[in-house]
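Given next are the chains, with one letter for each unit.
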Amino acid sequence: MISSPSDLRKLKISELTNVASEIRQEMLDTVSKTGGHLASSLGAVELAIAIHYTFNTPEDKIVWDVGHQTYPHKILTGRLKAFSTLRQLGGLSGFPNKDESPEYDLFTCGHSSTSISTALGLVSARDLKKEKNKVVAVIGDASLAGGMSFEALNNAGHMKKDIIIILNDNELSISRSVGALSRYLNRIISAPAYNKIRKDVEKVLMRIPRFGFRAYRAARKLEEGLKNLLIPGMLFEEMGFRYFGPIDGHNISELIKVFKNTMDLNEPILIHAVTKKGKGYRFAEERPGDFHGTGPFHKETGEKIIKAEPKSFTEAFGEKMLELAPKDERVLAITAAMQDGTGLDRFADLYPDRFFDVGISEEHAIGLASGLARGGFKPVVCVYSTFLQRGYDQIIHDICLQGLPVVLCLDRAGIVGEDGPTHHGVFDIAYLRHIPNLIFMAPRDPEELSKMLDFALKQEGPVAIRYPKGYASAISVKDNPIELGKAEVTREGKDVAIISLGSMAPIAMEAAELLAKKKISALVADARFIKPLDSELIRRIANNIKNIVTIEEGVSEGGFGGAVLEFIERENLKGVKVKRICLPDKFIEHGKRSELFLKYNLTPEAVCDVIVNEVMNG
């Protein structure tokens, strides 16, 4: 019955609990087949219902932080019929997407701690245009810890704008005091009568000759003292916000009451709602971490549908860190709220004093690593490629400028698949390879990643290693050691040279086999190093073969192929033709890795066709 929030608002409040149950069932039916961010969305069902029921969306603007909790929002805003296509190529995105729903998804997002800043921008734009709509930012407690959130809170409190922030606290990390007294006091301070009396008393006190301001200040201190004693929001009050909470984030009628009572106060408001991750699905409530981002699973048992696969890069990294730790007590591990995703869970258990999970704070993670390295340790920072973007200045200023021996491990480099454009790690080559003092590598398979970690920890300066999600097929070649700036020739040839980067090595080898059937002899080299390049190999190819094809899982502008072209031009190597096979200058959509590889010509067959038609016959 609900194709938009206006349909939702036709229902009685007593009917909304049934809506919540139906939304949860729809999410379970779909995500159990497609995979996705289930636990967070299950925990935000009542919040989404209460928000769209109370606020006049889409005229009132809602900005969701990160967006992995927005499945209920999508269902309520006209996307129910398409929900079964979630995270599929050509289907619904797993995150807010401005192209999918311009009215309700104001921003395409997937990174944390951005919502308060963007909402404050919307508020400022509204006020400049003299409009009257409300703007609401919905942010989780983990995202609130990000530095950008506090920068925005500080600015918003100073500006005294009419903005509403809803804190979705699903870890009870800020407050554990959802008790009767707190709820009662919260109901009082959010009530219109209380706020009218409050303003009237303020006016009366300020009119008292000579003592008015002092009387007002004393009254404010009394109010703050009472609130500080009974509710946990004084941090926000001190930053210029009126704080309301904590409230039960699964009690729809209570949420609606607080939203209605506060929406017309016309000042910075923070509403603290406590929710439970995985709410309504027992297995997700018991194991919320397993269902934060999950693959397909059996609804009845909560067990994941697991396909047998070779060892992944992430698993190889985790195992190697466990191997390195007892050999050298200076080896430390740092991550940013990605302990399980980066394969560091066992390291954290066995070496808690040498493991640092800084939360969603990539800038701090890198600054921390800088200090640890200066203190004589060997920090290994493992962060997803897309999230390392957030620490770009720290990489330059705190690590590379200092020449410190920090190892940056970029998991999920390249195409990640169903999480889409906010999560593809396709920019790291472009944003790292130009930084002085940095050695930059890419392993072709998990075994080579292990060797690169050994190499990296022996260096006296910074090293970055990028590797993709999942695994890459091993290729049968002589086991050569890692040497600085040296590629590895995995197949000799005379007509064309294919230089592959990282996980593209198996694709290059298969393409060479296909070319051989067409009587084209291809040399294949695993680059190993993005920086420094193997200048000796490139000169050899330029002097003898002339045709070079580079293959990489990254964008064209600033990519590895560009580095090869720059070297050839700088060295004035004449008559060399270079064809770059890489990703185009666009944001890559969501879909399975295999589907996106096929679409963007990163398969052996596509590489073969490009070489035949554009290089040999071009």
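Keep in mind it's a predicted model, so treat the numbers as computed, not measured.

A. Representation of the sheet that holds strand E10 (residues 439–441). In space, the 7 strands of this open sheet follow the order E7-E6-E8-E9-E11-E10-E15, with mixed pairing throughout. Strand pairing shows two members of the sheet lacking a second neighbour, strand E7 (355–357) and strand E15 (529–531), which therefore form its edges. In this sheet, adjacent strand axes meet at a mean angle of 20 degrees when their direction is disregarded. Strand direction decides the pairing type here: strand E9 (residues 407–411) and strand E11 (residues 463–466), joined by 4 bridges, are parallel. When the bridges of E11 are listed, Leu408 appears paired with Ala464.

B. Up close: the environment of His364. Along the chain, His364 falls in helix H17 (residues 362–374). In this structure, the C-alpha to C-alpha distance between His364 and Gln394, residues 30 residues apart in sequence, is 8.3 Å.

C. Quick look at the nonpolar core. Core analysis: the largest hydrophobic core is formed by 52 residues, its most contacted members being Ile395, Val406, Leu408, Leu432, Ile541, Phe560 and Ile568. Leave out the neighbours within four places in its chain, and Leu408 touches Val381, Ile395, Ile399, Val463, Ala464 and Ile465.

D. Structural view of the packing of aromatic side chains. Applying the stated rule across the entire model yields 14 aromatic pairs. With 6.1 Å between their ring centres and 85 degrees between their planes, Tyr392 and Tyr431 make a pair best called edge-to-face. Residue Tyr392 is located in helix H19 (residues 392–400), and its partner Tyr431 is located in helix H20 (residues 428–432); the two are separated by 39 residues in the primary sequence. The exposure class assigned to Tyr431 is buried, which follows from its relative accessible area of 11%. Residues Phe427 and Phe587 carry aromatic rings whose centres are separated by 6.0 Å and whose planes lie at 70 degrees to one another, so their mutual orientation is edge-to-face. Here Phe427, found in the loop between E9 and H20, pairs with Phe587, found in the loop between strand E17 (577–583) and helix H25 (593–599); they are 160 residues apart in sequence, far enough to count as distant. Looking at Phe427, the relative accessible area reads 26%, which means it is partly exposed. A residue is classified by how much of its surface remains accessible, and Phe587, at 63% relative accessible area, is exposed. These aromatic residues form a ring-pair network of at least three members: Tyr281, Phe283, Phe291 and Phe297. Over the face of the ring belonging to Tyr351 we find Arg354, whose NZ or CZ atom lies 4.9 Å from the ring centre.

Conventions we followed
- Residues numbered from 1 in each chain as written.
- Predicted model: local features only at pLDDT ≥ 70, side-chain atom pairs only at ≥ 80, totals over all residues.
- Heavy atoms only, no water.
- Pairing = 2+ DSSP bridges.
- Helix = DSSP H or I, 4+ residues; strand = E, 2+ residues; numbered from the N terminus.
- Axes fitted to C-alpha atoms, helices over the stretch in contact; angles between N-to-C directions.
- Core = buried A, V, L, I, M, F, W, Y, C linked by side-chain atoms within 4.5 Å.
- Buried < 20%, exposed > 50% of the residue type's maximum accessible area, 1.4 Å probe, protein only.
- Contact = heavy atoms within 4.5 Å.
- Phe/Tyr/Trp six-rings, centres within 6.5 Å; stacked < 30°, edge-to-face > 60°.
- Lys NZ or Arg CZ within 6 Å of the ring centre and 35° of its normal.

In short, geometric facts, not functional conclusions.
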